[in-house]
Protein chains: 2
Amino acid sequence: MGSEQEQKQVILKNYVEGVPTEYDLLLVKDAPVPTLQGQGEGAFLVKNLYLSCDPYMRGRMRDFHGSYIPPFRPGQVIEGFGVARVIESENPDFKPGDIVSGFTGWEEYSLIQPTGNSQLRKIYPDRDGIPPSYYLGLLGMPGFTAYAGFYEVCSPKHGDTVLVSAASGAVGQLVGQLAKLYGCYVVGSAGSSHKASMRPCNLNFSLSLSLSLSLSHISVTFDCFVSVQVDLLKNKLGFDDAFNYKEEPDLDAALKRYFPQGIDIYFDNVGGAMLDAALPNMRIHGRVAICGMVSQNSLSSPQAVHNLFNLISKRVRMQGFLQSDFLHLFPHFLDDIISYYKQGKIVYVEDMNEGLQSASAAFAGLFSGKNVGKQVICVAKE
Amino acid sequence: MGSEQEQKQVILKNYVEGVPTEYDLLLVKDAPVPTLQGQGEGAFLVKNLYLSCDPYMRGRMRDFHGSYIPPFRPGQVIEGFGVARVIESENPDFKPGDIVSGFTGWEEYSLIQPTGNSQLRKIYPDRDGIPPSYYLGLLGMPGFTAYAGFYEVCSPKHGDTVLVSAASGAVGQLVGQLAKLYGCYVVGSAGSSHKASMRPCNLNFSLSLSLSLSLSHISVTFDCFVSVQVDLLKNKLGFDDAFNYKEEPDLDAALKRYFPQGIDIYFDNVGGAMLDAALPNMRIHGRVAICGMVSQNSLSSPQAVHNLFNLISKRVRMQGFLQSDFLHLFPHFLDDIISYYKQGKIVYVEDMNEGLQSASAAFAGLFSGKNVGKQVICVAKE
C-alpha cells in the first residue's frame, strides 16, 4: 500500500444539468492509493467492496449549498454509502479485517478520518447470515427509510389501502412488504422512461424469476422489462397488485381501478404526476409520506402539482421526512428486518453492477428506470 | 306570518364558473314566507338576523357532488351559517325569543325542520356580553377553524415563527392573535386582487382605526385600502409585522425579509403562489396547516405548486383539515375565546353589509379581497 500505487476512482466531472448520464461521472485510473502515513491517530484505510447508487446523490451534483447535505465539487471523488473491509488502522475501534458500512468513496481504497462524517459502523454479515451488500439496501439507509417512513410517518392501520411508487426500488420493495405484513392492501407502481439500451445482463436477482424470459438475452424489449418489474412486485414481493405507469394514459383512472374505495396511504418515492394523481384518490384522513422525488431530481423547474386542495376536503396529512431523524430506531430496525428476512417473511431484490468502470452507467440508470431492485456496484468481492 | 306574506330570498342563479360575481346570486322579493302549518312536531320558524359569507360556500356553487358537502341547486335559496331568533315553534327545545346559531337560509324567515342538517344551537349573546353577529365569526365556524387549526394542526411552540395568509379575514385574524398569545412571532399577509370598485363605505369596524383616513370617502384608493389591512394587522390585531402581497413582486424575497431564519408554521388560507413561496422558506420540521385555498376556489384548473420537494429536505408536515373533525373541542373553544375577548386579550374585526339586497355583492367581495375582517350580512337587527 505504498504511495506509488495507483487506483481507480470515480469523480464528478462537472455540475450536472438535467437527467444524469453516464458521462457526468469520470473514471480515473491513476489516482494515488491513500496511506496512513502522517494521518495521526484514529485514521484507517478501507478496501471498498460494495457501493450504493442512491437517487438522493443527484442532489449533491448541483451547485446548490442550501440542502441538508453539501454538494460534491467537480473533480471530487464521489462519496456515498458503501460496505468496506478495514485493511490498516490507527483506530482502536476498527481493526484490520473488520467489515464496515457507512460513507466511503467511489474508489478502490479510502482513507477514513476520525473527524470525518463517514459514520462507519461495524457490521457482521457472517454472524447475521446476510450478504454484505444487503447492508446498503435492505439493512442500510434505503431499508431504514422504508421502515421509519412506513411505521413512523404513515400511521398504518390494519386493512389500510397502500400505494407505493417506484415500488421495485430499494425503498419501495420493503415498504410494500412491510405493509403486507401489517395487514394492508398494497399496490405498487413501477416503470421505465427509457426504452432503449436496456442492459438486462446486469440484472443479478437474488431470487429466480417465475418468467420464461431469458435474462441473458441482450435484446429483451422494454415491455418485457417492465413486465419483469410488475411481475416481480406481484409474484415475488407479494404485492396485491402492481402496474406499469408508462402503460397508463390516465393515471387517475388507473388509481380508481386499483383503489375503487380510495387510498389510505401513499408512500411517494417519485413526486410529480403520480403525486398529483394520488391526491384526488386519497381517502378521508389519508396520509402521504413524501420520501423521494426521483421524477423531480433532474428538473431545473420542478413539475407542478395541481391537486393540493384535496388535502382539505379529505383532511390528508402529507409529510416529508428523512431517515436521519429516526436514528434512535435503527437497532430495532436491524433486529426486525434481519428476523423477517431469516424467517422468509420478506425478500430482497438487488441489481448488481460489476466494477468501478460500471459505476457511472449504473448511477445514471437510476434516473431512466433501468434498475430492478436496489442498485449496487461491486468493487471487490472481499 | 300567514302564507300570503312575501319575503326576500337570495337564490343561486346558476352554477358558477370562475370568480363569483354579484350577478351569480339573485334577490327574489316575492318568495312566500314559510309557515308551521302541516309541518308536524319539531319544526320551528326563525327570523334571520345575521348571515355569514364564507369562502367555502363557493365550493357549493359548482356542479360537483364529490365534496364533503353537497352543492346548491340553481334556484335554491342559499344556505349558510346564520344567527336567528325563534318566532314560532313546535319544538320543545326552541322557544319563541331564543337566539340560535347554525345553518339557515339567506332569506328573512326560515323554516327549520328537526330532521334537517341545520345544527342550530342556542346562543346567549346577552348573557355572554358578546354581539350576536360575533357567533358567526369569532365564536362560530371561522373562529373555531382558527382555534382547532392552530392548536391541533400546527403543533405550536413558544418562540415559533408564524406566517398567516388572508390574515385580516375571519380565520386569519384569530390565528394570528392566538399565536401571539402563545409567544410566537407572527407576520400576516393581506391583499386585494381587484383595485377597482372598493366600497369602503361598507366597512363597519368594531374598533376605531388609528389612521387619518376617512372611511366614508368613496374614492379611497386601493393602496389606502390595503394599508388599512396591513395597519390593522400590526396596530389593532397585534401582529409583529404584516405585508401586502400585491406590493411584493417577489414573494420569496418578501418572506426571506420577514423571516430571515425561516418559518416554523404557515397557516395557509389561500393556497397557490403564497404556498409555493412559503415552502422553500420553511424551517426544518416546519408545519403547514392547509385551511383554505380561496385563491384556488374559482379556478377550474387549480394553480400549480412547484416547490413540494422542500417538504423532504425540511421534513415539513403539511396537513389539510376541517373544523368539523374537532367538534369535541367546541366547548373549550367557546370558554377560551369568550374569556380572552372579555379580558381584552383578543379583538375582532367585522365587515358588516346591511340588508339581503347587499348579500350577493358581499359574497362576491370575498374573492376580490374587498372585505376587511369577517364578512357578515345584517338582515334584521333583532
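Bear in mind the structure is a predicted one, so any value in this text is a computation, not a measurement.

## Remarks on the interface of chain A and chain B
By a widely used convention, the size of an interface equals the accessible area lost when the partners come together. With 26 residues of chain A at the interface, the matching set in chain B holds 26 residues. In total, chain A and chain B occlude about 2300 Å² of area from one another, counting both sides; carbon and sulfur atoms represent 68% of this. Across the chain A-chain B interface, the total number found is two salt bridges. In this structure, A:Asp325 and B:Arg315 form a salt bridge, with 2.7 Å as the shortest nitrogen-oxygen distance. Here chain A and chain B share eight residue pairs in polar contact (both at pLDDT 80 or more) between them. Within the residue set of the side of chain A that touches chain B, elements represented by two or more residues are β12 (282-290), α7 (310-313) and β13 (317-320) of chain A. Top contributing element to the side of chain A that touches chain B by residue count: β13(A), with four residues. Looking at side-chain class alone, the side of chain A that touches chain B contains 16 nonpolar, seven polar and three charged residues. Across three bridges, β13(A) lies against strand β13 (residues 317-320) of chain B in antiparallel orientation. Residue pairing in the sheet places A:Met318 in a bridge with B:Met318 of β13(B).

## A word on the relation of the copies chain A and chain B
Of the transformation superimposing chain A on chain B, the axial component is 0.1 Å and the angular component is 180 degrees, with the fit at an RMSD of 0.1 Å. Look at the turn and shift together and you get a two-fold axis relating the two. When the interface residues of chain A are mapped onto chain B, 100% of them again lie at the interface, so the same face is used by both copies.

## Let's talk about unusual backbone geometry
Phi at A:Ala166 is positive, roughly 50 degrees, even though this residue is not glycine. Considering the arrangement of structural elements, one finds A:Ala166 in the loop between β8 (161-164) and α3 (170-181).

## Here we look at the pairing of strand β11 (residues 263-268) of chain B
Residue and element names in this part refer to chain B. Judged by how many residues are buried, β11 sits mostly within the fold: six of six residues are covered. Across three bridges, strand β8 (residues 161-164) lies against β11 in parallel orientation. Looking at the pairing, Val162 lines up with Ile265 of β11. Across five bridges, the pairing between β11 and strand β12 (residues 282-290) is parallel. Paired with Asp268 across the bridge in β12 is Ile290.

## Overview of the packing of helix α2 (residues 141-153) of chain B against helix α3 (residues 172-181) of chain B
Residues and elements named next belong to chain B. The interhelical angle for the contact between α2 and α3, taken along N-to-C directions, is 40 degrees, at an axis separation of 8 Å. When the interaxial angle is binned, α2 and α3 end up oblique. Crossing of α2 against α3: the hand is right-handed. Contact residues: Gly143, Ala146, Tyr147, Phe150 and Tyr151 in α2; Leu174, Val175, Leu178 and Ala179 in α3.

## Structural notes on the sheet that holds strand β9 (residues 185-190) of chain A
Spatially, the 12 strands line up as an open sheet ordered β10(A)-β9(A)-β8(A)-β11(A)-β12(A)-β13(A)-β13(B)-β12(B)-β11(B)-β8(B)-β9(B)-β10(B), and their pairing is mixed. Looking at which strands have only one partner, the edges of the open sheet turn out to be β10 (241-244) of chain A together with β10 (241-244) of chain B. For this sheet the average axis-to-axis angle between neighbouring strands, irrespective of direction, equals 15 degrees. Taken strand by strand, α3(A) contacts β8, β9 and β11 (263-268) of chain A, and its axis lies near 170 degrees from that of β8(A). Contacts between helix α5 (residues 251-258) of chain A and the sheet are confined to β8, β9, β10 and β11 of chain A, with β10(A) contributing the most and set at about 165 degrees to the helix.

## Notes on the packing of aromatic side chains
Given two aromatic rings, their pairing is described by the distance between the two centres and the angle made by the two planes. Residue and element names in this part refer to chain A. Within this structure, the stated rule accounts for 40 aromatic pairs over all chains. Judged by centre distance (5.2 Å) and plane angle (55 degrees), the ring pair of Phe144 and Phe333 falls under tilted. Here the residue Phe144 occupies a position in helix α2 (residues 141-153), and Phe333 occupies one in helix α8 (residues 330-342), the gap between them amounting to 189 residues. Note on Phe144: relative accessible area 0%, which makes it buried. Look at Phe333 and you get buried, because its relative accessible area is 0%. Between the aromatic rings of Phe150 and Tyr151, the centroid separation amounts to 5.3 Å while the plane-to-plane angle is 65 degrees, which identifies the pairing as edge-to-face.

## Here we look at α3(A)
All names here are of chain A. Helix length check: α3 (12 residues) gives 18 Å between terminal C-alpha atoms against 16 Å at 1.5 Å per residue, within 8%. Taken across its 12 residues, α3 has 10 buried, putting it largely inside the fold. Every buried residue of α3 is listed here: Ala170, Val171, Gly172, Gln173, Leu174, Val175, Gly176, Gln177, Leu178 and Ala179. Phi turns positive one or two residues past the end of α3, at Gly183, with a value near 90 degrees.

## A look at α5(A)
Each α-helix turn comprises 3.6 residues. Residues three or four places apart therefore point the same way. All names here are of chain A. Those residues of α5 lying buried are Leu251, Ala254, Leu255 and Tyr258. Considered in projection along α5, the buried side chains sweep an arc of 95 degrees and stay on one side of the axis. On its buried side, α5 packs onto β8, β9, β10, β11 and α6 (272-278). Regarding α5, its N-cap is Asp250, as a side-chain oxygen of that residue lies 3.1 Å from the backbone nitrogen of Asp252 further along.

## Quick notes on the pattern of salt bridges
Residue and element names in this part refer to chain B. Inspection of every chain in the model, using the stated rule, returns 26 salt bridges over all chains. A salt bridge links Lys374 to Asp54; the nearest nitrogen and oxygen atoms lie 2.6 Å apart. Residue Lys374 is found in strand β15 (residues 374-378), and its partner Asp54 is found in the loop between β3 (44-52) and β4 (79-89); the two are separated by 320 residues along the sequence. With a relative accessible area of 1%, Lys374 lands in the buried category. The exposure class assigned to Asp54 is buried, which follows from its relative accessible area of 3%.

## Focus: the environment of A:Ala304
Mapping A:Ala304 onto the fold places it in the loop between β12 and α7. Assessed through its relative accessible area of 18%, A:Ala304 is described here as buried. Residues A:Ala304 and A:Gly271, 33 residues apart in the sequence, show an inter-C-alpha distance of 9.5 Å. Once you skip the residues sitting within four places of it in the chain, A:Ala304 turns out to touch A:Asp276, B:Ala304, B:Val305 and B:His306.

## Structural notes on the side chain of B:Asn269
Here B:Asn269 shows up in the loop between β11 and α6 (272-278). Residue class for B:Asn269 comes out buried when judged on its relative accessible area of 9%.

## A closer look at the confidence of the model for chain A
Chain-level statistics for chain A give a pLDDT mean of 87 and a share of 87% at 70 or above. Counting contacts from residues 193-223 of chain A, a segment whose pLDDT is below 50, to residues more than four positions away or on other chains yields 60 contacts.

## Focus: the environment of B:Ile290
Relative to the helices and strands, B:Ile290 resides in strand β12. Sequence separation of B:Ile290 and B:Gly149 is 141 residues, and the distance between their C-alpha atoms is 8.8 Å.

Reading the values: rules and limits
Residues numbered from 1 in each chain as written. Chains lettered and ligands numbered in written order. Predicted model: local features only at pLDDT ≥ 70, side-chain atom pairs only at ≥ 80, totals over all residues. Heavy atoms only, no water. Contact = heavy atoms within 4.5 Å. Buried area = accessible area lost by both parts, 1.4 Å probe. Salt bridge = Lys/Arg side-chain N within 4 Å of Asp/Glu carboxyl O. Polar contact = N/O pair within 3.5 Å; in protein donor to acceptor, adjacent residues only side chain to side chain. Helix = DSSP H or I, 4+ residues; strand = E, 2+ residues; numbered from the N terminus. Nonpolar A, V, L, I, M, F, W, Y, C, P; charged D, E, K, R; others polar. Pairing = 2+ DSSP bridges. Least-squares fit on C-alpha atoms with pLDDT ≥ 70 in both. Buried < 20%, exposed > 50% of the residue type's maximum accessible area, 1.4 Å probe, protein only. Axes fitted to C-alpha atoms, helices over the stretch in contact; angles between N-to-C directions. Parallel < 35°, antiparallel > 145°, perpendicular 65-115°, else oblique. Left-handed = near helix turned anticlockwise from the far one by under 90°. Phe/Tyr/Trp six-rings, centres within 6.5 Å; stacked < 30°, edge-to-face > 60°. Expected span 1.5 Å × (residues − 1). Arc of directions from axis to C-beta. pLDDT = per-residue confidence, 0-100.

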